[in-house]
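# Structure at a glance
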Amino acid sequence: MGEAMLVLEHLTMKFGNVVANENVSFQVNEGEILSLIGPNGAGKTTLFNCITGFYAPFSGKVSFRGQNITGMRPNKICKLGLARTFQIVKTLKEMTVRENILTGAFLHTRHMKEASKIAEEIMVLTHLQHKAHQLGANLTIADKKRVEIARALATKPQLLMLDEAMAGLNQTEIKDAMELCLKLKKSGITLVIVEHIMEAIMPISDRVVVLNAGKKIAEGTPDEVVNHDQVIKAYLGERYHAKSKKN
Amino acid sequence: MVASKHLFKQKYILGWICIVIAILPLAIHNINFHHVMILLVMYAALGQAWNIITGFTGQTSFGHAAFFGIGAYTSSVLFWRYMLSPWVGMLLGAVIATTVAFLVSYPCFKLKGHYFAIATLAIGEIIQQLFVSWEYVEGATGISLPVMGEGFLQLQFHRSKLPYFYIVYFLFILVLVTAYLVEHSKMGYYLKAIRESHEVSEAIGINPTEYKVYAMLISAFLTSIFGSFYASYILYIDPFMVFSLPLSMRIVLLTVLGGLGTLYGPIIGAAVLIPLSEYTRIFFGGTGKGIDLIIFGFLVVAVACYQPKGIVGLFQKLFFEPSTAGGGKNG
Amino acid sequence: MLTQIIATGILMGFVYSLVAVGLTLTWGVLDIINFAHGEFLMISMYSAFWIYTLYNVDPLLSLPLTTIMAFGIGYGTYKVIIRKVVDAPGLTALLATFGFSLLLRNLAQFLWSPNYRFINQSFVADKKLTLGPIIIGLPQVFAAIGSILMTLAIFYFIERTKTGRAIQATALDKHTALLMGIPTEKIYALTFGISGACVGVAGALMSTFFPIHPQSGALYSLLAFVIVALGGFGNIKGALYSGILIGITEAVGGFLLGTQFKYAIVFLMYLVVIQIRPKGLFGW
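Residues numbered from 1 in each chain as written. Chains lettered and ligands numbered in written order. Predicted model: local features only at pLDDT ≥ 70, side-chain atom pairs only at ≥ 80, totals over all residues.

The name that an unreviewed UniProt entry assigns to chain C is Amino acid/amide ABC transporter membrane protein 1, HAAT family (TC 3.A.1.4.-), with the source organism given as Geosporobacter subterraneus DSM 17957. UniProt annotates chain C under Subcellular location (unreviewed entry) with the comment "Cell membrane". Here is the UniProt Sequence similarities (unreviewed entry) comment for chain C, exactly as written: "Belongs to the binding-protein-dependent transport system permease family. LivHM subfamily." (UniProt positions renumbered as here; feature names shortened; annotations may be inferred.)

Going by the annotation in an unreviewed UniProt entry, the name recorded for chain B is Branched-chain amino acid transport system permease protein, with Geosporobacter subterraneus DSM 17957 given as the source organism.

Below, the structure written as C-alpha cells:
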C-alpha cells in the first residue's frame, strides 16, 4: 500500500457537553478503500464532517497529504483533492443531472468545453448518461445517490469520502455501487466509506475502522475486525457475545 | 439532445423578442407609446440585473432602489453642479454603486434567507433617509437637471423620445448579454448551486460568499446605469422617487411575475406590467383615485394565485412540455 | 426629559410589538411574508373611524367589533389568496401579498380619498397622565395597555391551549403535524385570522391618536418587518421585546439626532444587532 494520504491525530469533537468523537486516530493510505463502520450514533458522520471541514474539531489534528487541514473551510479542502458526499442526499433539485455534475467539474477549469468533457466522462463512468437531462428533483433515490457521487467525482478528488452511499438501495443497486467503488479504486482514487451494510463493504474494503460511542474500538483487515471481541460486543450486545464465547 | 434543442429554441425566441422590441417604436408613432416602451425596456433591464442576485443566486434583495438612486444622483449632481456629461456620471455612478454594494455585501451575506432580505430593505431605507437630509444634493427637494440643447453627449433630446429609446435599448442589450454570459459560464452554475444548497456548493469547492459578492457587484453595477439614464430622461429626481421601496418592489414584482431565474422572465414581466400600469395610469390616473393601482394589484394577485411559476411557467407549459405540465413538482 | 422620551418610546413599543406579533405568527407558521399586514392595520383604523363617525361609538368601545372584523379579513385572505400560494415556489407568495397590499391601499384611497382623518372625540382624547416628571397622553397609555393585554392573550393562547400547540406543531413541520391528525389547513386559516385580530386591536387603539389615511399602514408594516427579523422569525417573545427596543430606539434616536433620522437609526440598529445575532435576538 502507498503512503499516508489522510491522517487523524487525537481528534475530539464536542457539542456542548456531548462528546461525539473522542481521541480518534487513524490513517488512510493512498490507493486503498477504508471503511468506517459502527452502530447508529457511533459518531461516524460527525467525524466525517470534522475531516471535510463542515465542523471545526474541538481538538486534535487532521492532515491531508502532509498538509494540516484542521478547521479549514470545506471548499478549500475540496480544492486540495478531498471530496465528499452527503448521507442525506442533497441533489441540486432545479438543475439537471448533467448540470449537477458540470457544476462540480468547474472546480479546476473555467472553460465550459473542458468542464463538459469531464462531466461526460463522469456520466459514462457512473452510468448516468441516459438521465443527463432529468431534473435532480425527479430522480429515484438510487440515482440521486449516484449523482451525489458523480458530482463529487467531477471535482477530480484524490480521496473520496462516501457517507452511506448505499443506504436505502436494493440488492442490484448495491451491487452496482460496489462495482463503482472498485472501479474508482482502480482508477487511483482513495476511498473512505461510511456504511451500515456489512455484506456490501466487507468484500471491497482493504481496511476497516470501527467506531463505537465516539471512540475507535478496532482497526484492521475485514477478517480481523469481524472476529474482534469488542466489535462483536458493540454490534450484537454483551449477551450474544457471552453466548458465543461459551460455544 | 432534448435540452440542447430546448436551449436553442429559447435563445431563438429571446432574439425575436428583442428584434420586435427594437422595431415597435418605429412602427407606432405615439409619444405615450414611446414613453411606455422606454420604461418597459428599462424595467426589463432592471429586472434582469436583480435576477442575477436573486433569481440565479437565491439572495432576495428588497433594496435595489439604492443602487438605482446612487446612479441617478451621481450623474445628476455631476451634471448639475459641474456640467459633466451624464455618460461620465453614469460610469462613475456605477463604480460608486458597486463600491457600496461591496461594502454592504460582507455583513449582509453573513445572514441567511429572510434576515438577508430584511437587511437589504433596511439598507435601502437608510440610504434614502440620508439623501432626504443631505443639503448638498438638495435633500427632499430633489434636483432639476438643467435643460440643454439636444445632444448625445449631454443625453438630452427634446423633439422626439426615440433617441432615448435606442439608448436605453442598447443598455438593455448590454445587460441581457451580461446576464446570458453569466448564466452560461462557470459563475452561473456556481450561483445556481449556491441557490440550491449552500452545503453542496461548499462540498464541491465553491466559496459561497465570494460568488454571492460577485453576483451582487454585477447586479449593482448594472442597476446603477439605469438610474443615471432615468435621471437624464425625466430631468428631475428626488429621494422619494429613485430610492423608494416601491421602486425596489416593482423590480421584484415584474421579475417574479415573468419568471424568476430565467432570462426572459424580466422581459415578459415588464412587457405585461409596465404597459398595464402606465396605460391604466394614463386612462384612470387623472382621477387621482388610484384605480390604476387597484387593477394592477388585482392582476398581480391573480397571476400569483393561478400561475405560481410566473408567466414563463405558463409558456413553458403550453409550448415545451405539454405532456408533463404540472407534474413532477415534488421531490 | 430623557425619561419622558424613553417612556413614550416604550409605550409606542408595545403597540409595535402587537403589530409585529401578528406578522411573526404568519411568517413563522406559514413561512409567508405578508406584505398586506400593514394594510390590515390601516383598514382596522378606518373601521374604528367609520364606526365613530357614522354611529358615534368611541373607538375603544368598538374595539371588539373591529377586532372580529380584522380576524375575518385575515381568515378570508387565507381562504381566498394565501391558500393558493402557500406551497408555490420561490417568491410567488410574496407577489400575491404585495399585490394584495397595493389593491387594498388603493381601494381605500378610491373609496375614502387620500385625506387625513382624525378621531377627535374619543374619551381619552387630549387627556394627559402625569407620573412624577413624566407626562404622557392618555391615548398612548390606553394603546400600550391594550397592546400588552392582547400580546399576553396571544402568548397564552399559543403556549397553553391545545389549538395553540397545534399551531406550533404546524409551524415546525406541516406534514408531520398533518400525520398527527392536526387539520393544518384550518390551523393556517386560524393563524391568519389571529394575525388579523392583532392589527385589529392595534388599529383601533392607534386610531385615537394617529391620523388615518390609506398610507398609514405602510410605515408600520415596514417597522414590523424589522421588528420580526430582529426578534427572530416566528418568535412571539422576540417580537415583543424587539418591538419595545425599536420603540425606545426610535424615540431616543429621534430626540438626539433629529426626527428625520429616527427610522434610519432603527434600521441601522437592526443591521448592527443582526451582525452579532444573525438569527435575531431570540432566534436559534
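Still more to cover.
Let us now look at the overall build of chain B. The secondary structure content of chain B amounts to 14 helices and two strands. Taken over the C-alpha trace, chain B has a radius of gyration of 20 Å; the compact-globule value for 331 residues is 20 Å, and the two agree within 12%. Here chain B holds 331 residues, and 52% of them are scored as buried. In chain B, the proportion of contacts linking residues at least 24 apart, taken out of those at least 6 apart, comes to 74%. (Helix = DSSP H or I, 4+ residues; strand = E, 2+ residues; numbered from the N terminus. Rg over C-alpha atoms; globule rule 2.2 N^0.38 Å. Buried ≥ 20, exposed ≤ 12 C-beta atoms within 10 Å, placed from the backbone. Contact = placed C-beta atoms within 7 Å.)

Next up on the list: the interface of chain C and chain B. Counting residues at the interface gives 35 residues for chain C and 35 residues for chain B. When contributions to the side of chain C that touches chain B are tallied by element, the ones reaching two or more residues are helix 3 (63-85), helix 4 (92-112), helix 9 (216-231) and helix 11 (262-276) of chain C. Here the side of chain C that touches chain B gets twelve residues from one element, more than from any other, and that element is helix 4 of chain C. Split into classes, the residues belonging to the side of chain C that touches chain B amount to 26 nonpolar, seven polar and two charged. (Nonpolar A, V, L, I, M, F, W, Y, C, P; charged D, E, K, R; others polar.)

A packed helix pair is summarised by two numbers, namely the angle formed by the two axes and the spacing between the axes. All names here are of chain C. In the contact formed by helix 1 (residues 2-30) and helix 9, the axes pass within 8 Å of each other and the chain directions differ by 70°. With respect to their mutual orientation, helix 1 and helix 9 come out roughly perpendicular. Helix 1 and helix 9 meet at a crossing whose hand is right-handed. Residue-level inspection shows Y16, V19, A20, L23, T24 and W27 of helix 1 in contact with helix 9, the latter providing Y220, L223, A224, I227, V228 and G231. Grouping the amino acids of the contact of helix 1 with helix 9 by side-chain chemistry returns ten nonpolar, two polar and no charged. (Axes fitted to C-alpha atoms, helices over the stretch in contact; angles between N-to-C directions. Parallel < 35°, antiparallel > 145°, perpendicular 65-115°, else oblique. Left-handed = near helix turned anticlockwise from the far one by under 90°.)

Right, let's get into the arrangement of the chains. Between chains B and C lies the most contact-rich interface of the two pairs of chains that touch. For chain A and chain C, which are not in contact, the least C-alpha distance works out to 11 Å.

Our focus in this paragraph is the environment of T3(C). All names here are of chain C. Position of T3 among the secondary structure elements: in helix 1. You can call T3 exposed: it has 11 C-beta atoms within 10 Å. Once the C-alpha coordinates of T3 and V252 are considered, the two residues, 249 residues apart in sequence, prove to be 9.6 Å apart. Each residue touching T3, except ones within four places of it in the same chain, is listed here: P133 and I134.

What follows covers the confidence of the model for chain C. Detailed reading of the predicted coordinates is not advisable wherever pLDDT falls low. Chain-level statistics for chain C give a pLDDT mean of 91 and a share of 100% at 70 or above. At the level of chain-chain contacts, confidence expressed as ipTM amounts to 0.90, with global pTM at 0.90. (pLDDT = per-residue confidence, 0-100.)

Another point: the pairing of strand 1 (residues 4-15) of chain A. Residue and element names in this part refer to chain A. Here eight bridges tie strand 1 to strand 2 (residues 18-29), and the two strands are oriented antiparallel to one another. What sits directly across from M13, in strand 2, is N21. Connecting the antiparallel pair strand 1 and strand 2 is a turn made up of two residues, with G16 showing a positive phi of about 60°. Sheet topology note: the strand 1/strand 4 (residues 59-64) ladder contains five bridges and is antiparallel. Bridge pairing links L6 to F64 in strand 4. (Pairing = 2+ DSSP bridges.)

The next thing to look at is the interface of chain B and chain A. Residue-level contacts link 20 residues of chain B with 25 residues of chain A. If you list the elements that add at least two residues to the side of chain B that touches chain A, you get helix 1 (2-27), helix 7 (186-196) and helix 8 (198-203) of chain B. Broken down by element, the side of chain B that touches chain A gets its largest block of residues, six residues, from helix 7 of chain B.

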